[in-house]
Structure formats: structure tokens, C-alpha cells
Amino acid sequence: MTLTRGARITGAVLCAALALIVAAWIVRDLTTAADPLDLWRHWTGSRRSAAAPLTTTLQDLLLFAVYVTVALAALRSPVATAALMAAGVITLAVRLPGLWVLSSSWMDLRSADELRTRALYCAFAALGLGVGLIITAAAGRRAPGAAHDLYARDSYAHDLYARGAYAHERTPTRPTKGVSVLAFLLLGASAGVLAAWEIYTATDYAGTRYLDRFTGSTSVRLPPLGTPPGWLTAVIVALALVAAVGALFRAVFSRPLGLVVAVFLVGMGGTGLDFAVRNELMSHLGDVGLREQLLVGSWLFELAAGAVLLPALARRGEGDAPGGGAPTWQPQSGHGYPQPGYGPPPPQTPPPGW
């Protein structure tokens, strides 16, 4: 399905609004931190600023990149339906925990009431905009060849078709066979790696302490815009599995959804490797235990998988024929009228005397 012009503009505006919200918080943290390096260290967990509380996480930067990319795609391409859907889904998944995290009593000790209230309002706004993206993508769809029907009703459209104005209308693209297999393997393997570590964490932690990874409670220190780590892992695993199965069947949605997952895989793997470098795990990899070696290997795989998926899925795939393969209007070379036998029959003129 393609998007109408109004839906494309609406989707781009909604993505721009989401990007502005995230950018405002990032700018706030940049002005609060002593220097940009302190903010990066805060995002990667290496050091927390003692001067003033910081509010964002690395996921906010990743979301900003997703919103800007989808907004540009919606403005440039009529086939951005799946991209708007993917942006809306990841927004709802990441921002939903803010409703209970920011309204919980334990947040009183982590941030000021004014800061927490602003973050809660922004979480509500982000959720509303995310729902708006999904509604816009669903309501603004039309069949790729739907404009052909205008020929039977509009003489101006008839002339446009006669001149071949719609002969090269873009259609939604599916991943190629090679890319679909690659995406299925990498996305499925990444989901398996993340799920395995989450299961290991569940067996290693006590019951209440492990639930804190989903609720953001006392044992997990989160900034106001942070997402509980267990919840975030579960979201990425679920989206990766959906995108992997979609890629296997070469579904249209698998490309944008896989790209969103790839962005988060790069972020998660990069954060882990930053931790490994800071704690000298990389330089003493042979001296550490098996668990640490597997952790470093998992972070390397996540980073590599995301880095490979980004250019592979970003390439334009194979398109379908307008109208799902139905015959389309093709202007006859050297003439100003469509070839006979295509499209609706011409209007019947009653014989004289009727």
C-alpha cells in the first residue's frame, strides 16, 4: 500500500514533533553536563554526573535518528507506510513504561518533582504521537494503482494517463531473496542471544530483584526518560522475531522494522563494548571467566549484526506491479491514447435516433 499526500505530510509532522521532544531533552542534558563527554559517559553507564541529574539515555539518541529518518522518508516517498508504522510501534514500546516509572513513589528520590512532571507530560505526548503515526499509516493507505480508476471518471486524468504521467508510480518494495535470508538469520540470531541472556539473568537474580528490570524499581537506577532494561530487551527481542519472520516471507514491513531493530542492536552492542573497553575486558579477554568472554562475544555480535543489517535493509528492494500485478495503463508509442484492451472500457455512445 502507498500513502496519500496528506498522510505523508501528517506522518512527517508527527515524526518531527517526536524528534523535537527528544532533541529538547538531549539539549537540556548537554547544557546541564560539564561537557558532551560526560553525557556520553552517562549514556554508556561509565559515570554519572553529580552536579545535576541527567534525564536521557542512549535510546533517546537512537529514537531521534529513527524519527528524523522516517520523517524524511515520508516526505520523499509514497511507500513509507511501513516506516511510519515501525516508528509508531517503537515509540509506544519504549515510552509506555514511563507511565508507571515516572508516577512511582521511588522516583521522588531520583529527580525533582518539576523535572519528573515534565518528563511524564512528554511521555503522554510521545504515546499520543505514536498512536497518531499508526492511525495515519493505516488510514492514509491506498492501493498503488488506485489512481488508475480516475480514468473512467475524470477527463483530465484520462489525458494524464494518455501522456504516461502515472506509468512509473512507485510501489512498496520487499527485500530481495538474498537480503531476506540474511535478515532472517541475523535478526533471529540476535533475538536468540538477547533472550538467552535475559533468561540467564532471571535465573541469577532473586524474583523481586529481577522484576525490577521491568518495573524500574529501587534496584535499577533509571533517569526520568529511561526504559527498564528488562522491558527494553523484551521489546527488541519481540520486534526482531517479527521482523525476522517477515523477512523470511519477504513482507513489506520487514525492511523498516528490521532497520529500527538494527539501530537498537548497534546501540546495545556499542554500549556493551564501551563497557568492555573501559574495564579492560578486551585487553585481558583470555584471563577472564567464561561468562565475561560470552558477554563480550555477544556485544560484538550485536554490533556486527546491526552494522550489516543497516546497509542491507536500507537498499531498495523489489517492487510489486501496481494493483498487485493487474494490467495497467501503458501509453502506445507514438500515439496519445492507451493501447486497446487495457483498463475500463470506453463509455458507450447510443446510436443515432435513440
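## Observations regarding the packing of helix α8 (residues 177–204) against helix α10 (residues 229–248)
The contact between α8 and α10 brings their axes to 8 Å, and the two run at 155°. In terms of orientation, α8 and α10 fall into the roughly antiparallel class. Crossing geometry of α8 relative to α10 is assigned as left-handed. Between α8, through S180, A183, F184, L187, G188, A191, L194, A195 and E198, and α10, the contact on the second element is made entirely by G230, T233, I236, V237, A240, L241, A243, A244, V245, A247 and L248. Across the contact of α8 with α10, the residue classes break down as 15 nonpolar, four polar and one charged.

## A few points about the packing of aromatic side chains
Aromatic rings in a pair are described by how distant their centres are and how their planes are angled relative to each other. All chains considered together, the criterion is met by five aromatic pairs. Taking 5.3 Å as the distance between ring centres and 75° as the angle between the ring planes, the aromatic pair formed by W100 and W231 counts as edge-to-face. Linking W100 in helix α5 (residues 98–101) with W231 in helix α10, this pair joins segments that are 131 residues apart in sequence. When its relative accessible area of 29% is taken as the criterion, W100 is described as partly exposed. Pairing Y210 with F214 gives two aromatic rings, centres 5.6 Å apart and planes at 70°, and the pair type is edge-to-face. Placement of both Y210 and F214 in helix α9 (residues 207–215) is noted, with a separation of four residues, approximately one turn of the helix.

## What about the nonpolar core?
Within the largest apolar cluster, 59 residues are counted, with the highest numbers of intra-cluster contacts made by L84, I90, I236, F264 and L309. The element best represented in this core is α10, accounting for nine residues. Apart from residues lying up to four places away in sequence, I90 is in contact with L63, V235, L239, V260 and F264.

## Considering the confidence of the model for the protein
Of the residues in the protein, 76% have a pLDDT of 70 or more, and the chain-wide mean is 82. Here residues 160–168 is a poorly scored stretch, pLDDT under 50, and it has 13 contacts once near neighbours within four places are set aside; other chains count. Confidence over residues 321–343 falls short of pLDDT 50; this stretch has 33 contacts with residues more than four positions distant or in other chains.

## Comments concerning the environment of L129
Turning to its location among the elements, L129 is positioned in helix α6 (residues 113–139). When neighbours within four sequence positions are excluded, L129 is seen to be in contact with L14, A17, L18 and I21.

## A closer look at unusual backbone geometry
At R250, a position not held by glycine, the phi torsion is positive, near 55°. Here R250 shows up in the loop between α10 and α11 (254–278). Since its relative accessible area comes to 19%, R250 is described here as buried.

## A closer look at the side chain of D29
With respect to the secondary-structure elements, D29 resides in helix α1 (residues 5–32). Of the residues examined, D29 reaches a relative accessible area of 0% and is grouped as buried.

## Quick notes on the packing of α1 against helix α2 (residues 36–44)
Running from amino to carboxyl end, α1 crosses α2 at an angle of 120°, the nearest separation of the two axes being 8 Å. For the crossing formed where α1 meets α2, the hand is right-handed. Of α2, the residues touching α1 (which contributes I26, D29 and L30) are P36, L39 and W43.

## Points about the pattern of salt bridges
Enumeration over the complete set of coordinates arrives at six salt bridges. With its nearest N and O atoms 3.8 Å apart, the salt bridge here joins R41 to D38. Placement of both R41 and D38 in helix α2 is noted, with a separation of three residues, approximately one turn of the helix. Of the charged contacts in the structure, one is a salt bridge between R278 and D274, with a shortest N-O distance of 2.8 Å. You can see R278 and its partner D274 sitting in helix α11, four residues apart, about one turn around the helix. Classification of R278 as partly exposed rests on a relative accessible area of 34%.

Basis of the calculations
- Residues numbered from 1 in each chain as written.
- Predicted model: local features only at pLDDT ≥ 70, side-chain atom pairs only at ≥ 80, totals over all residues.
- Heavy atoms only, no water.
- Axes fitted to C-alpha atoms, helices over the stretch in contact; angles between N-to-C directions.
- Helix = DSSP H or I, 4+ residues; strand = E, 2+ residues; numbered from the N terminus.
- Parallel < 35°, antiparallel > 145°, perpendicular 65-115°, else oblique.
- Left-handed = near helix turned anticlockwise from the far one by under 90°.
- Contact = heavy atoms within 4.5 Å.
- Nonpolar A, V, L, I, M, F, W, Y, C, P; charged D, E, K, R; others polar.
- Phe/Tyr/Trp six-rings, centres within 6.5 Å; stacked < 30°, edge-to-face > 60°.
- Buried < 20%, exposed > 50% of the residue type's maximum accessible area, 1.4 Å probe, protein only.
- Core = buried A, V, L, I, M, F, W, Y, C linked by side-chain atoms within 4.5 Å.
- pLDDT = per-residue confidence, 0-100.
- Salt bridge = Lys/Arg side-chain N within 4 Å of Asp/Glu carboxyl O.

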